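Listed below are the residues making up each chain.
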Amino acid sequence: MTYTFRGGLHIAEHKDTRNSPIEKMTPPAEIRIPLSRHIGDHCKSVVKVGDRVLRGQVIGEACGELGCPIHSSVSGIVKSIDRLAGEEAECVVIENDGEYELSPDIKPCEKKLTETTTQEIVEVIRNAGISGMGGASFPAWTKIQSAVGKAERLIVNCAESEPYVTANHRLMLERPVEIINGTKIILKALGLRSADIAVEDNKLDAVEKLAEKIGESKMIRIRVMRAKYPQGDERQLVYALTGKEVPKGKLPIDVGCIVFNAETCAAIYRAFAYGMPLIERIVTVSGDCVATPKNVLAPIGATYKSLIDYCGGLKKEPRKIIDGGPMMGTAQKDVNAPITKNTFSVLVLSEDTCASDDENYSCIRCGRCVSVCPMRLLPNYIVKFAEKGRYEDAEKYDTERCVECGLCAYSCPGRVPLMRFIREAKSAIFQRRSENRENSAEDVDVTL
């Protein structure tokens, strides 16, 4: 039996690196580590220009209550502290001395797992700077702490439904014990007795490897999912495995579920067992422009260019460099920008592979965008109003529930740029709500 959800589509996979073992990349001569976490909360630098830092040393402390620290991925001299183009957060530039001297602060947890409390586990994860490594990069410790007493089911997301990406697949094949042990640590923290590991049916070799390591234990169950995009979206996973829909404006925890990415689980295990903070991650480097596509264990702060060069450079002229998958990833303008904690893939695509920006589009009313939408929205109506700037009308069709998976645009034979219009509508809706809240606050009489 395979589990699945309504809507979605099995799209061309291009998993060219599925048989490419993880290779540890030699860190480049210069590392650029942004002091931000992608959710509107930043860290502040605790080092200054000229300081020598060690591998795993804290270089940024969280400014907000929900934050977690950022660590150096190499040892060396702080060359500068500046800002990336278009970014508000600072970026610590470190000149790699090639010694990779480990910080003395890195120590394994002194207690056995059975003897640790939830708060002790939370602190280990927080101090290691671990945030979600498959999506929005939300701090893992906050996610666990807020779910204690609420979570009834832990789901480990190994679906990896984006085309090209195979980082989690290789992790399951080469380091399954890290995923399993990380899952057990999260179970202990949440006070749960069992978990589900969700793997798509196009990765049955990984299913076998995980099953071999789990053995007869009933603590962790493997759930085989039908290979279909966007199976990796946590809302679709929850629905497929439980039949529960995450309500509008809510999170999986609101229906008793908590979802963690496979590599996040592995990072939690390494933090607990070795004290190792999150300073490197597996990145799939692929696309038709890359000479030798690979799965690379890369230091946080390495540039896109350094990863591409490690994979043999380019074999044809690129049109786009994408951080993430081709469906939901973000196009990058600067090849010298660094990878971050949630960079699971770097894709370099040519003109032959990328869809053209053709303004001569036309909706032919075929309904394909409606049939594939995993959120069961009406993208055609949303876009109809967004084109006219009628965002209040678009809002009536639950525009903000769109997860921006891109399937509507992918499946459109009329080449309508549906995602562009939907994003514009979402932005306008959120901006208007923000302005309304500000106006409401100004109208409050606080005179005593």
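Student: Go over the overall build of the protein with me, naming the residues and quoting the values.
Tutor: In terms of helices and strands, the protein carries 13 helices and 17 strands. A globule of 448 residues ought to have a C-alpha radius of gyration of about 22 Å, and the protein, at 22 Å, matches this closely. Taken over the C-alpha atoms alone, the protein extends approximately 70 × 60 × 50 Å along its principal axes. Taking all 448 residues of the protein together, 52% fall into the buried category. Partitioning the intrachain contacts of the protein with sequence separation of at least 6 by distance along the chain shows that 73% fall at a separation of at least 24. Total accessible area on the protein stands at roughly 20700 Å², and carbon and sulfur atoms take up 48% of it.

Student: Any details on the state of the cysteines? Residues and values, ideally.
Tutor: Applying the stated criterion across every chain, the model contains zero disulfides. Here Cys43 stays free of any disulfide, with the sulfur of Cys63 as its closest cysteine sulfur at 6.3 Å. Judged by its relative accessible area of 7%, Cys43 falls in the buried class.

Student: Now, about the sheet that holds strand E3 (residues 43-45): what can you tell me, with residues and values included?
Tutor: What the three strands build is an open sheet, ordered E3-E5-E6; its pairing is antiparallel. Each edge of the open sheet is held by one strand with a lone partner, namely E3 and strand E6 (70-71). One ladder, built from two bridges, connects strand E5 (residues 58-62) with E6; its direction is antiparallel. Paired with Val58 across the strands is His71, a residue of E6.

Student: Can you lay out the pattern of salt bridges for me, pointing to particular residues and giving the numbers?
Tutor: One pass over the full model with this rule turns up 34 salt bridges. For Glu23, the salt bridge identified is with Lys294, shortest N-O distance 3.3 Å. You can see Glu23 sitting in strand E1 (residues 22-24) and its partner Lys294 sitting in strand E14 (residues 294-299), a full 271 residues away along the chain. In this structure, Arg55 and Glu280 form a salt bridge, with 3.5 Å as the shortest nitrogen-oxygen distance.

Student: Run through the sheet that holds strand E8 (residues 90-96), naming residues and quoting values.
Tutor: Read across the open sheet, the four strands follow the order E2-E8-E7-E4; overall the sheet is antiparallel. Each edge of the open sheet carries a strand with a single partner, namely strand E2 (30-34) and strand E4 (52-53). Looking at chain direction, E4 and strand E7 (residues 76-83) are connected through two bridges and run antiparallel. In the sheet register, Arg52 faces E7, and the bridge partner there is Ile77.

Student: Account for the layout of surface pockets, with residues named and values stated.
Tutor: Within this model, the second largest pocket holds a volume of roughly 420 Å³. For the lining of the second largest pocket, the elements supplying multiple residues, two or more each, are helix H9 (368-372), helix H10 (379-387) and helix H12 (407-411). Looking at the lining of the second largest pocket residue by residue, the class counts come to twelve nonpolar, four polar and four charged.

Student: How would you summarise unusual backbone geometry if you had to cite specific residues and measurements?
Tutor: With omega at 0°, the peptide bond leading from Tyr229 into Pro230 counts as cis. Positive phi outside glycine occurs at Arg376, with the angle close to 55°. Here Asp398, not a glycine, exhibits a phi torsion of approximately 55°, which is positive. Positionally, Asp398 belongs in the loop between helix H11 (391-395) and H12.

Student: Residues and numbers for helix H4 (residues 176-190), please.
Tutor: Over its 15 residues, H4 extends 21 Å from the first C-alpha to the last, a length consistent with the 21 Å expected when each residue adds 1.5 Å. Most of H4 is tucked away: eleven of the 15 residues are buried.

Student: Summarise H10; cite the residues concerned and give the values.
Tutor: Three or four residues apart is the spacing at which side chains of an α-helix point the same way, because the helix has 3.6 residues per turn. Those residues of H10 not exposed but buried are Pro379, Ile382, Val383, Phe385 and Ala386. Within H10, the buried residues cover an arc of 165° as seen down the axis, which keeps them to one side. Of the residues flanking the end of H10, it is Gly389, one or two places downstream, whose phi is positive at about 75°.

Student: Explain the environment of Ile11 to me, using residue names and the numbers behind them.
Tutor: Relative to the assigned elements, Ile11 resides in the segment before E1. Judged by its relative accessible area of 6%, Ile11 is buried. Put simply, Ile11 and Cys366 are 355 residues apart on the chain and 19 Å apart in space, counted from C-alpha to C-alpha. Among all residues touching Ile11, those that are not within four sequence positions of it are Pro163, Tyr229, Met327, Leu407 and Tyr410.

Student: Any details on the environment of Gly129? Residues and values, ideally.
Tutor: Take Gly129: it is sitting in the loop between helix H1 (118-127) and helix H2 (140-147). A residue is classified by how much of its surface remains accessible, and Gly129, at 0% relative accessible area, is buried. Along the primary structure Gly129 and His71 are separated by 58 residues, whereas in three dimensions their C-alpha atoms are 7.4 Å apart. Not counting residues up to four positions away in its chain, the partners in contact with Gly129 are Cys68, Pro69, His71, Leu278 and Lys341.

Student: Run through the packing of aromatic side chains, naming residues and quoting values.
Tutor: Summed over all chains, the structure comprises four aromatic pairs. Each ring, one from Tyr381 and one from Tyr397, has its centre 5.4 Å from the other, and the planes form 15°; the classification is stacked. With Tyr381 in helix H10 and Tyr397 in the loop between H11 and H12, this pair connects stretches of sequence that are 16 residues apart. By relative accessible area, Tyr381 is classed as partly exposed at 37%. Through a chain of ring-to-ring contacts, the aromatic side chains of Tyr381, Phe385 and Tyr397 assemble into a single cluster.

What counts, and at which threshold
- Residues numbered from 1 in each chain as written.
- Predicted model: local features only at pLDDT ≥ 70, side-chain atom pairs only at ≥ 80, totals over all residues.
- Heavy atoms only, no water.
- Helix = DSSP H or I, 4+ residues; strand = E, 2+ residues; numbered from the N terminus.
- Rg over C-alpha atoms; globule rule 2.2 N^0.38 Å.
- Buried < 20%, exposed > 50% of the residue type's maximum accessible area, 1.4 Å probe, protein only.
- Contact = heavy atoms within 4.5 Å.
- Areas by Shrake-Rupley, 256 points an atom, 1.4 Å probe, with all protein chains shown as cover.
- Disulfide = S-S within 2.5 Å.
- Pairing = 2+ DSSP bridges.
- Salt bridge = Lys/Arg side-chain N within 4 Å of Asp/Glu carboxyl O.
- 1 Å grid on protein atoms, 1.4 Å probe; cavity = no way out; pocket = protein on both sides within 12 Å on 5 of 7 lines; lining within 4 Å.
- Points joined across faces, edges and corners; volume = space filled by probe spheres on them.
- Nonpolar A, V, L, I, M, F, W, Y, C, P; charged D, E, K, R; others polar.
- Expected span 1.5 Å × (residues − 1).
- Arc of directions from axis to C-beta.
- Phe/Tyr/Trp six-rings, centres within 6.5 Å; stacked < 30°, edge-to-face > 60°.

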